[in-house]
Amino acid sequence: MNGLSQPAHLSPVDLNSMRAKTLGDYLKSRRARLQPEQAGFAKTHGQRRTPGLRREEVAILAGVSATYYTFLEQGREVAVSREVIESIGRALQLSPDEHAHLLGLWNGNEPEMAPPITSELSQPWRDIVNQMAFPAFITNDRAELLAWNISVDKYLLDYTSRTPAQRNMMSSLFTDPEMRARIINWEEMAAHSVAIFRTSYDKYAHDPWFPRFVEDLSKESPEFASLWELHRVEAKRVTRVFYQPPGQDQVNVYDIKSLSFTLDHPDLHLCIYSPVKEQES
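Residues numbered from 1 in each chain as written. Predicted model: local features only at pLDDT ≥ 70, side-chain atom pairs only at ≥ 80, totals over all residues. Heavy atoms only, no water.

- The name given to the chain in an unreviewed UniProt entry is Helix-turn-helix domain-containing protein, with the source organism recorded as Paenibacillus amylolyticus.

Okay, here's the thing in structure tokens:
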């Protein structure tokens, strides 16, 4: 494989600063969605100035000072132990996927650079995808489509006839009317896809491509913008999708299975659409 896009050089200080800001934004988003009564606080009468819990309430639940927690949300570079970050995660009642994401953002405060994005594939990988009977494709963490077989063109969307700039799965999902018309459970797929993409966005906080992409897609699609504001994160898992090709009455049901690549290219994902028997759907 080749064609790796290298991010701009950043010092450990810059990386730590970006990590702290990303962590702060994430904590703030999780606090905003948690209501006081869910966390054991008495329901207050009247309108709160901010949605969700107050910073002071999270600090009480996590056993830290309000000033310390405020610094974390503000993206200040303060020392955070695993014990403290775990306690904050429990206070915010994170799901397993959200908890894993929190630990990834914390990451022991190590100034590690996320792996570079792969933009091209060698022919053997393309051959593997082409040999599969059902829809299969390879994407990177930007959701860019790097390889796909003829079944993708036939049942999902004709990417072969589209330009390279149009071959992004996230963009297609929200801006291509043909893809939207084919997916029966579009709302479910859209919400899950945005939650997955958010994990990549936070992982590549140093890469200016991601905020530019999100800004542009938010302008094109109000639905994407609304989902993005929720700041939900989810890990890739087997997902069921219902496709109905244009002009056909038959509905094709697939389970989408995503496989990660080798350690050399952790940003790549092989997605395989496995047909579901009618009695299982």
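**Some thoughts on the overall build of the chain**
Here is step 1 of the chain: A tally of helices and strands in the chain yields twelve helices and seven strands.
Here is step 2 of the chain: In the chain, which comprises 281 residues, the share counted as buried stands at 46%.
Here is step 3 of the chain: Taking contacts inside the chain between residues at least 6 apart in sequence as the whole, the part at least 24 apart equals 58%.
Here is step 4 of the chain: Of the roughly 14,700 Å² that the chain leaves accessible, carbon and sulfur atoms contribute 52%. (Helix = DSSP H or I, 4+ residues; strand = E, 2+ residues; numbered from the N terminus. Buried < 20%, exposed > 50% of the residue type's maximum accessible area, 1.4 Å probe, protein only. Contact = heavy atoms within 4.5 Å. Areas by Shrake-Rupley, 256 points an atom, 1.4 Å probe, with all protein chains shown as cover.)

**Describing the side chain of arginine 182**
Here is step 1 of the chain: Relative to the elements of secondary structure, arginine 182 occurs in helix H9 (residues 177-182).
Here is step 2 of the chain: One polar contact links arginine 182 to glutamate 178, side chain to side chain, over a distance of 2.8 Å.
Here is step 3 of the chain: Each residue touching arginine 182, except ones within four places of it in the same chain, is listed here: Asp153, Lys154, Tyr155, Leu156, Leu157, Phe242, Tyr243, Gln244 and Pro246. (Polar contact = N/O pair within 3.5 Å; in protein donor to acceptor, adjacent residues only side chain to side chain.)

**What about the pairing of strand S3 (residues 136-139)?**
Residues in a regular strand point their side chains to alternate faces of the sheet.
Here is step 1 of the chain: Residues Ala136 and Ile138 line one face of S3 and the alternating positions Phe137 and Thr139 line the opposite face, and both faces are buried.
Here is step 2 of the chain: Of the pairings in the sheet, the one linking S3 to strand S4 (residues 145-148) comprises three bridges and is antiparallel in character. Bridging across to S4, isoleucine 138 finds its partner in alanine 147.
Here is step 3 of the chain: Between S3 and S4, which pair antiparallel and follow one another directly, the connecting turn spans five residues, one of which, alanine 143, has a positive phi of 70°. (Pairing = 2+ DSSP bridges.)

**Examining the environment of alanine 190**
Here is step 1 of the chain: Topologically, alanine 190 is positioned in helix H10 (residues 186-203).
Here is step 2 of the chain: By relative accessible area, alanine 190 is classed as buried at 0%.
Here is step 3 of the chain: The spacing of alanine 190 and methionine 170 is 20 residues in sequence and 8.6 Å in space, taken between C-alpha atoms.
Here is step 4 of the chain: Apart from the residues within four sequence positions on either side, alanine 190 is in contact with Leu173, Phe174 and Leu227.

**Overview of the sheet that holds strand S5 (residues 239-243)**
Either a parallel or an antiparallel arrangement is found when strands of a sheet pair, and the pairing is made through backbone hydrogen bonds.
Here is step 1 of the chain: Taken together, the five strands give an open sheet; going across it, the order is S4-S3-S7-S6-S5, and neighbouring strands pair in antiparallel fashion. Looking at strand neighbours, the two that pair on one side only are S4 and S5, the edges of this open sheet. Each strand of the sheet is rotated relative to its neighbour by a mean of 30°, with strand direction disregarded.
Here is step 2 of the chain: Relative to the sheet, helix H6 (residues 123-130) contacts S3, S4 and strand S7 (269-275), its axis offset from that of S4 by approximately 55°. (Axes fitted to C-alpha atoms, helices over the stretch in contact; angles between N-to-C directions.)

**What about the pattern of salt bridges?**
Here is step 1 of the chain: Under the counting rule described, the total for this entry stands at 18 salt bridges.
Here is step 2 of the chain: Between glutamate 178 and arginine 162 there is a salt bridge whose closest N-O contact spans 3.4 Å. In this pair, glutamate 178 sits in helix H9 while arginine 162 sits in the loop between helix H7 (150-156) and helix H8 (169-175), placing the two residues 16 residues apart along the sequence.
Here is step 3 of the chain: Overall, the relative accessible area of 14% leaves arginine 162 in the buried class. (Salt bridge = Lys/Arg side-chain N within 4 Å of Asp/Glu carboxyl O.)

**Some thoughts on the packing of H10 against helix H11 (residues 209-220)**
Here is step 1 of the chain: Running from N to C, H10 and H11 point in directions that differ by 145°, and their axes come no closer than 9 Å. The segment H10 lies against H11, with Phe197, Ser200 and Tyr201 engaging Trp209, Phe210, Pro211, Phe213 and Val214.
Here is step 2 of the chain: Residues belonging to the contact of H10 with H11 are distributed by class as follows: seven nonpolar, one polar and no charged. (Nonpolar A, V, L, I, M, F, W, Y, C, P; charged D, E, K, R; others polar.)

**Things to note about the nonpolar core**
Here is step 1 of the chain: Grouped together as the largest cluster of nonpolar side chains are 34 residues, with contacts concentrated most on Phe137, Met170, Phe174 and Phe197.
Here is step 2 of the chain: Apart from residues lying up to four places away in sequence, phenylalanine 137 is in contact with Val129, Leu145, Ala147, Trp148, Val152, Leu156, Met169, His269, Leu270, Cys271 and Tyr273.
Here is step 3 of the chain: Tyr26, Val64, Val80 and Leu102 belong to the second-largest nonpolar core, a separate cluster that totals 23 residues. (Core = buried A, V, L, I, M, F, W, Y, C linked by side-chain atoms within 4.5 Å.)

**Examining the environment of glycine 104**
Here is step 1 of the chain: Relative to the assigned elements, glycine 104 resides in helix H5 (residues 96-106).
Here is step 2 of the chain: Taking C-alpha positions, glycine 104 is 9.3 Å from aspartate 202, a pair spaced 98 residues apart along the chain.

**Thoughts on the confidence of the model for the chain**
Here is step 1 of the chain: On average, residues of the chain score 87 in pLDDT, and 88% of them reach the 70 mark or higher.
Here is step 2 of the chain: Counted against residues more than four places away or in other chains, residues 1-8, with its pLDDT under 50, gives 27 contacts. (pLDDT = per-residue confidence, 0-100.)

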